[in-house]
Amino acid sequence: MYNPFQILTDAFQAEYRVNLSLERQGGNIMLTLTNERGVVARRMISPAQRNDPVRLQRVIESIRLGIAIERGHEVGSLLCAMTGGRVTPVRPGRVCAVQNAGM
C-alpha cells in the first residue's frame, strides 16, 4: 500500500527528526526536518505531489539537494545520481565524473 507519509519519514529519519503536519489550506502538508541545532529544512507538499510516487520522489531529491547546497557540499555527484548522469553543465567543465553514453 502506498503511504506517502511513511515514504517521507523513511527518506529522512536516519539523519533528522521528521515532523509532518496537515495544513488546512487545500490538504497541503508541512514537512519539517530538524536536528540538534534546529530546523534544517521546511517544505510545503501539495496533495498532487504527495499522491504521485514520481513527484514525491522528486520532492525528496529536491530537499536533499537544497540541504546539500546549504551545507556547502559539492552537489555534482548528487545531481548525477538524481538524473542518471544526464546533467548538462551551465558553464564549461564536467559536472559528472561518469561518461554519458549515448548522449
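Above this text sits the structure in question.
What counts, and at which threshold
Residues numbered from 1 in each chain as written. Predicted model: local features only at pLDDT ≥ 70, side-chain atom pairs only at ≥ 80, totals over all residues. Heavy atoms only, no water. Helix = DSSP H or I, 4+ residues; strand = E, 2+ residues; numbered from the N terminus. Contact = heavy atoms within 4.5 Å. Pairing = 2+ DSSP bridges. Core = buried A, V, L, I, M, F, W, Y, C linked by side-chain atoms within 4.5 Å. Buried < 20%, exposed > 50% of the residue type's maximum accessible area, 1.4 Å probe, protein only. Axes fitted to C-alpha atoms, helices over the stretch in contact; angles between N-to-C directions. Expected span 1.5 Å × (residues − 1). Polar contact = N/O pair within 3.5 Å; in protein donor to acceptor, adjacent residues only side chain to side chain. Phe/Tyr/Trp six-rings, centres within 6.5 Å; stacked < 30°, edge-to-face > 60°. Lys NZ or Arg CZ within 6 Å of the ring centre and 35° of its normal.

Asks: Tell me about the environment of T9, and name the residues and values.
Replies: Here T9 lies in helix 1 (residues 4-12). Expressed as a C-alpha distance, the spacing of T9 and N19, which sit 10 residues apart in the sequence, is 8.2 Å. Residues contacting T9, with those up to four places away along its chain left out, are V18 and L20.

Asks: Account for the pairing of strand 1 (residues 17-22), naming residues and giving values.
Replies: Examined bridge by bridge, strand 1 and strand 2 (residues 29-35) share 6 bridges and lie antiparallel to one another. Bridging across to strand 2, S21 finds its partner in M30. The turn linking strand 1 back onto strand 2 is made up of 6 residues, and G26 within it adopts a positive phi angle of 70°.

Asks: Before we move on, could you go through the nonpolar core and cite the residues and values that matter?
Replies: Counting 13 residues, the largest nonpolar core has L8, F12, L31, L33, I45, I63 and I67 as the members making the most contacts within it. Contributions of two or more residues to this core are made by helix 1, strand 2, strand 3 (38-45) and helix 3 (53-70). Per-element accounting of this core gives the leading share, 5 residues, to helix 3. If we skip the residues at most four places from it in the chain, L8 touches L20, I29, L31, I45, L56 and I60.

Asks: Give a description of the sheet that holds strand 3 that names residues and reports values.
Replies: A sheet is described by the order of its strands in space; here 3 strands give the open sequence 1-2-3, paired in antiparallel fashion. Looking at which strands have only one partner, the edges of the open sheet turn out to be strand 1 and strand 3. Between one strand and the next, the sheet's axes are offset by a mean angle of 20°, whatever the strand orientation. Packed onto the sheet, helix 3 meets strand 2 and strand 3 and runs at close to 150° relative to strand 3.

Asks: Outline helix 3, listing residues and values.
Replies: For an α-helix, 3.6 residues make a turn, and residues three or four places apart therefore share a direction. With 18 residues, helix 3 should reach 26 Å at 1.5 Å per residue; the first-to-last C-alpha distance of 26 Å fits that figure. The N-cap of helix 3, judged by a side-chain oxygen 3.0 Å from the amide nitrogen of V54 a few residues on, is D52. G72, located one to two residues past helix 3, shows a positive phi value of around 80°.

Asks: Outline the packing of aromatic side chains, listing residues and values.
Replies: Tallied over the full model, the rule gives 0 aromatic pairs. Cation over ring: R64 sits above F12, and NZ or CZ is 5.5 Å from the ring centre.

Asks: Talk me through the environment of R42; I want residue IDs and the actual numbers.
Replies: In this fold, R42 is placed in strand 3. Taking the C-alpha atoms as reference points, R42 and M30, separated by 12 residues in sequence, lie 7.0 Å from one another. When near neighbours in sequence (up to four residues on either side) are disregarded, R42 contacts M30, L31 and T32.

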